[in-house]
Amino acid sequence: MLQTDATIPAPPRHIQDAALALVFLTRLPLPIAGPLAEGAAARAMGWFPLVGGLVGLVGGLVTALASLVHLPPLACALLGLAAMVWLTGGLHEDGGADVADGFGGGRDVARKLEIMRDSRVGSYGVLALVFSVGLRAAAIAALLGAGPGAVIAGLVAAGALSRAGLAALADRLPAARRDGLAAAQGKPTKTTVGLAGALGGGIAVLVLGWLTLPAALAAAGATGLMAALARRQIGGHTGDVFGAAQQVAEIAALLTLTAWMAGS
């Protein structure tokens, strides 16, 4: 929830941008000092990986704590996912479901965009949610076999890497709607795109070491495929496309880490 408070002294711009990213991607009601500076919404995308790492940390800690009371691995994984969904308000899952419904059920661009704005969830959207939750839960449960530390590291890295490519997606694709939230957010600069990539990679290296390379390649590949699909289906990006891109990138990163960490 975005709150502005003119009585709070304005912090440095990068702190304000990072706080705005936290407000965008979570349900935390942080106050923002004064009116937003021009371009703040686009600049905030550079800090998305930091927020993603925080969300993954929460999910990893919940999963690890659940394992300490000897719950089954799948139950631990689902509790960790539930914590992340609660923290983000299901923002990305909602976007993934809307994209599945729109791309799967619309006959033309106008109809696809109309379906994506519909608050109702259709069969494609339900299936997208089932596969998203199921694949991530299976990967987290498998990572738990390598120890609680592997789960925490995997979720922190996947959370950061899956959001690192969103700024690049916004830079490469035009907004599919003129009146949508993604259009209002604006186009990020190359500096913002670079910051997002550096933060995502840096956080992943910090917790994963050399395993960052396969995880980052998987996340980047998934984001690129979603960008190509969005361009073909609706000619650009929307807020829902960002959510869907985060979901597929996180799934790709977690499955890749599972193959390397749980299998070793």
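Look up a bit, the structure's there.
Now for a quick tour of the structure.

What counts as what
- Residues numbered from 1 in each chain as written.
- Predicted model: local features only at pLDDT ≥ 70, side-chain atom pairs only at ≥ 80, totals over all residues.
- Heavy atoms only, no water.
- Helix = DSSP H or I, 4+ residues; strand = E, 2+ residues; numbered from the N terminus.
- Buried < 20%, exposed > 50% of the residue type's maximum accessible area, 1.4 Å probe, protein only.
- Lys, Arg positive; Asp, Glu negative; His and termini not counted.
- Salt bridge = Lys/Arg side-chain N within 4 Å of Asp/Glu carboxyl O.
- Polar contact = N/O pair within 3.5 Å; in protein donor to acceptor, adjacent residues only side chain to side chain.
- Contact = heavy atoms within 4.5 Å.
- Expected span 1.5 Å × (residues − 1).
- Phe/Tyr/Trp six-rings, centres within 6.5 Å; stacked < 30°, edge-to-face > 60°.

Here D101 is to be found in helix α5 (residues 91-105). Buried charge D101 goes without a salt bridge, the closest partner of opposite sign being R120 at 8.9 Å. At 2.7 Å, the side chain of D101 and the backbone nitrogen of G122 are in polar contact. Excluding residues within four positions of it along the chain, D101 makes contact with G106, I115, R120, V121, G122, S123, Y124 and G125.

One non-glycine residue, H70, adopts positive backbone phi at about 65°. According to the relative accessible area criterion, H70 is exposed, its value standing at 72%.

For helix α11 (residues 190-208), built from 19 residues, the straight-helix expectation of 27 Å at 1.5 Å per residue is met to within 8% by its first-to-last C-alpha distance of 26 Å. Following α11 by one or two positions, G209 has its phi on the positive side, about 70°.

With that settled, the discussion passes to the packing of aromatic side chains. Centre distance and the angle of the planes are the two values used to describe a pair of aromatic rings. Tallying each qualifying case throughout the model produces one aromatic pair. On the basis of an interplanar angle of 80° and a centroid distance of 5.3 Å, the ring pair of W210 and W260 is categorised as edge-to-face. Of this pair, W210 sits in the loop between α11 and α12 (212-234) while W260 sits in helix α13 (residues 239-262), and the two are 50 residues apart along the sequence. You can call W210 exposed: its relative accessible area is 58%. W260 sits in the partly exposed class, given a relative accessible area of 43%.

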